[in-house]
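# Breakdown of the fold
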Amino acid sequence: MLDAVADGVYAWIQPGGESGVSNAGVVVDDDGLTVIDTLMVRSQWEPFAAAVAALELPVRRTILTHAHIDHVGGTKAFPNAAIYATPITSDALDLPMPIDGYKQFMPAFDEEFDDLAELGTRAVTHLVEGAAQLTARIEVLPAPGHTPGDLVVLVADVDVCFAGDLCFFGVTPLAFQGDPAMWADVLDAVVELADTIVPGHGPIGGEAEVRDLQGYLRACVAANGDVQAIAPGPWDTWIDRDRDAINVERAALLARGDDALPPSMLKAIGQA
Ligand SMILES: [Zn+2]
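An account of the accompanying structure is given in this report. (Residues numbered from 1 in each chain as written. Predicted model: local features only at pLDDT ≥ 70, side-chain atom pairs only at ≥ 80, totals over all residues. Heavy atoms only, no water.)

It is worth spelling out the packing of helix α7 (residues 207-222) against helix α8 (residues 244-255) at this point. Two elements in contact, α7 and α8, have axes whose closest approach is 8 Å; the angle formed by their N-to-C orientations is 60 degrees. By the angle between their axes, α7 is oblique relative to α8. Here the hand of the crossing between α7 and α8 comes out right-handed. Across the interface between the two elements, Tyr-216, Cys-220 and Val-221 of α7 pack against Asp-244, Asn-247, Val-248 and Ala-251 of α8. The class makeup of the residues in the contact of α7 with α8 is 5 nonpolar, 1 polar and 1 charged. (Axes fitted to C-alpha atoms, helices over the stretch in contact; angles between N-to-C directions. Helix = DSSP H or I, 4+ residues; strand = E, 2+ residues; numbered from the N terminus. Parallel < 35°, antiparallel > 145°, perpendicular 65-115°, else oblique. Left-handed = near helix turned anticlockwise from the far one by under 90°. Contact = heavy atoms within 4.5 Å. Nonpolar A, V, L, I, M, F, W, Y, C, P; charged D, E, K, R; others polar.)

Here you go:
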């Protein structure tokens, strides 16, 4: 269901928020709609696209917050929209889809990935290389942390930020391509942007939820490579804590200048 977050601003929140189960958004401008992220597989994006179509306004633009498949798998559901993303997201979408890795990492969607492989994704049509006012209501801001190519989307007139996967609320974040230390710092800027934050995974929140996430990321950095050393905190009730090892390993690798994928992530995608 499209939740009206503010006047002409909707969120599509998928309950659970685990791997492959992400959120999306819609913003109404004078010329039509902007869709923010597109979910992953057909059973997810078909109902979302139907709800968007029921608004009876043209979809002018799609903004992709980053290249992960649970945000870009539904780009073909909006065939006439311009697609905005960072150059890093664009490059990632031009690569072949690692379908076998997706199946290993998200076995719940095993059969639907065959459909996705056949369907493919659309290419990015417009590169976002810096902060830009995209429409009268929408500003896009590059803010790497979860990946090197993250964008956040600000609708300042109603004080709403679509943070993509810079925010996971109630769900353990996943930093296999991110930088936990940089990510934690970027969240200081995110809380300044808006009071209402729509995360990439989990329910809508605000500063308190962002600060919890920031605390977790800093605990992963402070753990210094030892997953058992993550301090207790609000994250003790979050789902997907098996990501701790990935996040701690990634932070430790980056601390010694190594940009490799963490061994636990390689294992999770069947490459170790
Ligand atoms: Zn992601």
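Still to come is the rest of the account.
Moving on: the coordination of the zinc ion. For the zinc ion, the full set of protein donor atoms is His-66 (NE2), His-68 (ND1), His-146 (NE2) and Asp-165 (OD), and the range of their distances to it is 2.1 to 2.2 Å. Classification of the site at the zinc ion rests on its 4 donor atoms, whose angles at the metal span 87 to 169 degrees, yielding the label irregular. The sequence pattern describing where the donors of the zinc ion fall on their chain is H-x1-H-x77-H-x18-D. Residue His-146 is located in the loop between β9 (138-142) and β10 (151-155), and its partner Asp-165 is located in strand β11 (residues 160-168); the two are separated by 19 residues in the primary sequence. (Donors = N, O, S within 2.8 Å, 3.2 Å for Na, K, Ca; no water. Tetrahedral: all angles 85-135°; square planar, octahedral: opposite > 155°, others 65-115°.)

The subject of this paragraph is unusual backbone geometry. Most of the time, phi is negative for any residue but glycine, and the peptide bond is trans. Positive phi is not limited to glycine here, since Asp-159 has a value of about 65 degrees. Structurally, the position occupied by Asp-159 is in the loop between β10 and β11. In this structure, Asn-224 is a non-glycine residue whose phi angle is positive, near 55 degrees. Mapped onto the fold, Asn-224 is located in the loop between α7 and α8.

Strand pairing within a sheet occurs via backbone hydrogen bonds; the two strands may be parallel or antiparallel. Across the sheet, 5 strands lie side by side as β8-β9-β10-β11-β12; this open sheet has mixed pairing. The outermost strands of the open sheet, each flanked by one partner alone, are β8 (132-133) and β12 (196-201). Pairing geometry for β9 and β10, over 5 bridges, is antiparallel. For Val-140, the partnering residue across the bridge sits in β10 and is Val-153. Running at roughly 165 degrees to β11, helix α6 (residues 180-193) makes contact with β9, β10, β11 and β12 of the sheet. (Pairing = 2+ DSSP bridges.)

Moving on: the pairing of β12. β12 sits mainly inside the fold: 5 of its 6 residues count as buried. Judged from the 5 bridges that link them, β11 and β12 form a sheet pairing that is parallel. When the sheet's bridge partners are listed, Cys-161 is paired in β12 with Ile-197. Where the polypeptide runs from β11 across α6 and back to β12, its parallel neighbour, the crossover connection is right-handed. (Buried < 20%, exposed > 50% of the residue type's maximum accessible area, 1.4 Å probe, protein only. Right-handed = clockwise from strand over helix to strand, strands pointing away.)

Turning our attention to helix α1 (residues 42-53). Helix length check: α1 (12 residues) gives 16 Å between terminal C-alpha atoms against 16 Å at 1.5 Å per residue, within 8%. All buried positions along α1 are accounted for by Gln-44, Trp-45, Phe-48, Ala-49 and Val-52. All buried residues of α1 project into a common sector of 110 degrees when viewed along the axis, lining one side. (Expected span 1.5 Å × (residues − 1). Arc of directions from axis to C-beta.)

A few words on the environment of Leu-141. Structurally, Leu-141 can be placed in strand β9. For Leu-141, a relative accessible area of 16% translates into the label buried. Separated by 10 residues in sequence, Leu-141 and Ala-131 place their C-alpha atoms 4.4 Å apart. Sequence-distant contacts of Leu-141, that is, excluding residues within four places in its chain, are made with Ala-131, Asp-150, Leu-151, Val-152, Leu-154 and Leu-193.

Grouped together as the largest cluster of nonpolar side chains are 53 residues, with contacts concentrated most on Met-106, Phe-113, Cys-167, Trp-183, Leu-187 and Ile-197. Contact partners of Phe-113, with chain neighbours within four places excluded, come to Met-40, Val-41, Ile-99, Tyr-102, Lys-103 and Met-106. (Core = buried A, V, L, I, M, F, W, Y, C linked by side-chain atoms within 4.5 Å.)

Turning our attention to the packing of aromatic side chains. One pass over the structure, following the stated rule, counts 8 aromatic pairs. For the pair Trp-12 and Phe-48, a centre-to-centre distance of 5.4 Å together with 55 degrees between the ring planes defines the contact as tilted. In this pair, Trp-12 is assigned in strand β2 (residues 9-12) and Phe-48 in helix α1, connecting sequence segments 36 residues apart. The exposure classification of Trp-12 matches that of Phe-48, with both residues buried. Between Trp-235 and Trp-238, the ring centres sit 6.2 Å apart and the planes meet at 70 degrees, which makes this aromatic pair edge-to-face. (Phe/Tyr/Trp six-rings, centres within 6.5 Å; stacked < 30°, edge-to-face > 60°.)

Moving on: the environment of Ala-85. By the secondary structure assignment, Ala-85 is in strand β6 (residues 82-85). Residues Ala-85 and Ile-36 lie 49 residues apart in sequence; the distance between their C-alpha atoms is 10 Å. The contact partners of Ala-85, leaving out residues within four places of it in the chain, are Leu-64, Val-124, His-126, Leu-127, Val-128 and Leu-151.

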